[in-house]
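Observations on the three-dimensional arrangement
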Amino acid sequence: SVLAAAVALALSPIDRRDERDDGDVSASASAPAMSLWAVVRRLPTSIVAVFVYGYFQSALLLFLPLYLTQERRLSQAATIQLPAVFAGGMLLFSPVVGRLGDRVGPRAVLRVAVAVGLVAIGVFAQLTSYWAMCVAVFVAGATLTSAWPLGLALQGHALPPREYSRGNSLVNACYAAG
């Protein structure tokens, strides 16, 4: 139910009626602050994306080695290599996905990246071949790790400058919750 609510929030339209982002921080500093709910309504994609990224990252580092050695009967050496494969996907594709976000827009790229990452995680659970697992983890690293920088870029589009700190704090809290 939490996932369904998060998806519904992420897909809900953004309310831009009171957005006044003219880039002048000093002028906007005197304007009344947005409510927390107004900030949340402008950042649903970022919030869901970094939560998913935080969840997968913690699962990868904390629980994946146990699952692979106890349930899948993989060797410890093979288990240790999977986080490196994840990092390889991150290192090779985060700059590419970030550049794509600059060209196309962070919201669309973020949604696609998280969707592809979730599919990779779902497929991973069904795989029996070690090399297929490596491909799924590589794809997850290539897509889910882009959630953080794209989420921050999206905040720059969705919030006025006076709300950047609160938006960053909210997104960081959602990452930690994941």
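Below you will find a few notes about this structure. Since the model is a prediction, treat every value here as computed from it, not as a measurement. (Residues numbered from 1 in each chain as written. Predicted model: local features only at pLDDT ≥ 70, side-chain atom pairs only at ≥ 80, totals over all residues. Heavy atoms only, no water.)

1. A short note on helix 6 (residues 106-124)
Threshold: Segments assigned H or I by DSSP are reported as helices when at least four residues long, segments assigned E as strands when at least two residues long, and all are numbered from the N terminus. By this rule, a helix spans an expected 1.5 Å times one less than how many residues it contains. Partly exposed residues are those whose accessible area sits between 20% and 50% of the maximum for their type, while under 20% is buried and over 50% is exposed, using a 1.4 Å probe and protein chains only. What the arc measures is the spread of directions leading from the helix axis to the C-beta atoms. In what follows, a contact means two residues having at least one pair of non-hydrogen atoms within 4.5 Å.
Along its 19 residues, helix 6 runs 26 Å from first to last C-alpha, staying within 8% of the 27 Å computed at 1.5 Å per residue. Within helix 6 the residues assigned to the buried category are Pro 106, Val 109, Leu 110, Ala 113, Val 114, Gly 117, Ala 120 and Phe 124. Along the axis of helix 6, the buried residues cluster in a sector spanning 125°; they form a single face. Among the exposed residues of helix 6, those oriented more than 90 degrees off its buried face are Val 112 and Val 119. Next to the buried residues of helix 6 lie helix 4 (44-71), helix 5 (76-104), helix 7 (130-144) and helix 8 (147-158).

2. So, the packing of helix 4 against helix 8
Note the cut-off: Between the N-to-C directions of two axes lies an angle of 0 to 180 degrees, each axis being a line fitted to C-alpha atoms and, for a helix, fitted only over the stretch in contact. Between 65 and 115 degrees an angle is taken as roughly perpendicular, under 35 as roughly parallel, over 145 as roughly antiparallel, and anywhere else as oblique. Should the near helix be turned anticlockwise from the far one by less than a right angle, the crossing is termed left-handed; should it be turned clockwise, right-handed. Note that Gly is not counted as nonpolar here; it falls among the polar residues with everything else outside the nonpolar set of Ala, Val, Leu, Ile, Met, Phe, Trp, Tyr, Cys and Pro and the charged set of Asp, Glu, Lys and Arg.
Contact geometry for helix 4 and helix 8: axes closest at 9 Å, N-to-C directions at 165°. Here helix 4 is positioned roughly antiparallel relative to helix 8, judged by the angle of their axes. Read as a crossing pair, helix 4 and helix 8 show a hand that is left-handed. Here Thr 45, Ser 46, Ala 49, Val 50 and Tyr 53 of helix 4 lie close against helix 8, whose contacting residues are Ala 147, Trp 148, Gly 151, Leu 154 and Gln 155. Split by residue class, the contact of helix 4 with helix 8 holds six nonpolar, four polar and no charged.

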